[in-house]
Amino acid sequence: QVQLVESGGGLVRAGESLRLSCVASGRPFNGYAMGWFRQAPGKEREFVAVINSNGGLTKHADSVKDRFTISRDNGKNTLYLKMDNLKPEDTALYYCAGGILQMPTMRPDYWGQGTQVTVST
């Protein structure tokens, strides 16, 4: 059993920043890879970033790699996504996921409920 709860989304203007968090429970946090996915209305869910169990390896989608940074604090059972220089095209529901590493992405086995990020012009 793995439970994931996201937070930190909101409404911001283009160029501003947000930091998303995902708190995990039900299984040792350091035992699995974690990642972020996002889905805009009418679009397929897409990969954003992944981090391995100990935090030593990360990968970001090309569309966000110069602006977003994934990290984790295993002592707090928490995954983060720091988003800088947000753009309107980043508007989406952001999902936290747990699973196994399949570089350069991952196989998601567990999902959070999502947190909304809206970027206005």
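In case you missed it, the structure is sitting above this.
First, a word on what this report is: a plain description of the structure on this page. Worth saying up front: this structure is predicted, and the values here are computed from it rather than measured. (Residues numbered from 1 in each chain as written. Predicted model: local features only at pLDDT ≥ 70, side-chain atom pairs only at ≥ 80, totals over all residues. Heavy atoms only, no water.)

Turning to the overall build of the protein, a few remarks are in order. Helix and strand counts for the protein stand at zero helices and 11 strands. Across the protein, helices and strands are ordered from the amino to the carboxyl terminus as β-β-β-β-β-β-β-β-β-β-β. Since a compact globule built from 121 residues should have a radius of gyration of about 14 Å, the 13 Å found for the protein is in line with a globular shape. Residue burial in the protein is summarised as follows: out of 121 residues, 40% are buried. Counted over contacts in the protein with a minimum sequence separation of 6, partners at least 24 positions apart contribute 55%. Total accessible area on the protein is roughly 6200 Å²; 46% of this is exposed by carbon and sulfur atoms. Charged side chains of the protein number 14 positive and 11 negative; the gap between the two group centres comes to 3 Å. (Helix = DSSP H or I, 4+ residues; strand = E, 2+ residues; numbered from the N terminus. Rg over C-alpha atoms; globule rule 2.2 N^0.38 Å. Buried < 20%, exposed > 50% of the residue type's maximum accessible area, 1.4 Å probe, protein only. Contact = heavy atoms within 4.5 Å. Areas by Shrake-Rupley, 256 points an atom, 1.4 Å probe, with all protein chains shown as cover. Lys, Arg positive; Asp, Glu negative; His and termini not counted. Charge placed at Lys NZ, Arg CZ, Asp CG, Glu CD.)

If you look at the biggest cluster of nonpolar residues, it comprises 32 residues, and the most contacted ones within it are Met34, Trp36, Leu79, Leu81, Met83 and Tyr94. Only β3 (18-25), β4 (33-39), β5 (46-51), β7 (68-73), β8 (78-83), β9 (92-102) and β11 (115-120) provide two or more residues apiece to this core. In terms of residue count, β5 provides more of this core than any other element does, five residues in total. Leucine 81 has contacts with Leu18, Arg19, Leu20, Trp36, Val48, Phe68, Thr69, Ile70 and Tyr94, leaving out every residue within four places of it along the chain. (Core = buried A, V, L, I, M, F, W, Y, C linked by side-chain atoms within 4.5 Å.)

What follows is about the environment of threonine 69. Position of threonine 69 relative to the elements: it lies in strand β7. By relative accessible area, threonine 69 is classed as partly exposed at 45%. Placed 35 residues apart in sequence, threonine 69 and methionine 34 show a C-alpha to C-alpha distance of 13 Å. If we ignore the near neighbours within four places in the chain, the residues touching threonine 69 are His60, Tyr80, Leu81 and Lys82.

Together, Leu57, Leu101 and Met103 give the surface a local cluster of nonpolar side chains, amounting to about 250 Å² of exposed area. Structurally, methionine 103 is set in the loop between β9 and β10 (105-111). (Patch = residues over 30% accessible without salt bridge, like charges linked within 9 Å, V, L, I, M, F, W, Y side chains within 5 Å. Salt bridge = Lys/Arg side-chain N within 4 Å of Asp/Glu carboxyl O.)

This next bit is on the environment of aspartate 66. Within the secondary structure, aspartate 66 is located in the loop between β6 (58-60) and β7. Separated by 18 residues in sequence, aspartate 66 and aspartate 84 have C-alpha atoms that sit 8.8 Å apart.

Below, the discussion takes up the environment of valine 23. Relative to the assigned elements, valine 23 resides in strand β3. Apart from residues lying up to four places away in sequence, valine 23 is in contact with Gln3, Leu4, Val5, Asn77 and Thr78.

With five of its six residues buried, β8 lies for the most part within the structure. Both β7 and β8 contribute to a ladder of six bridges, which runs antiparallel. Bridge assignment links phenylalanine 68 to a residue of β8, and that residue is methionine 83. The antiparallel hairpin formed by β7 and β8 contains four residues in its connecting segment, where asparagine 77 sits at a positive phi of about 55°. (Pairing = 2+ DSSP bridges.)

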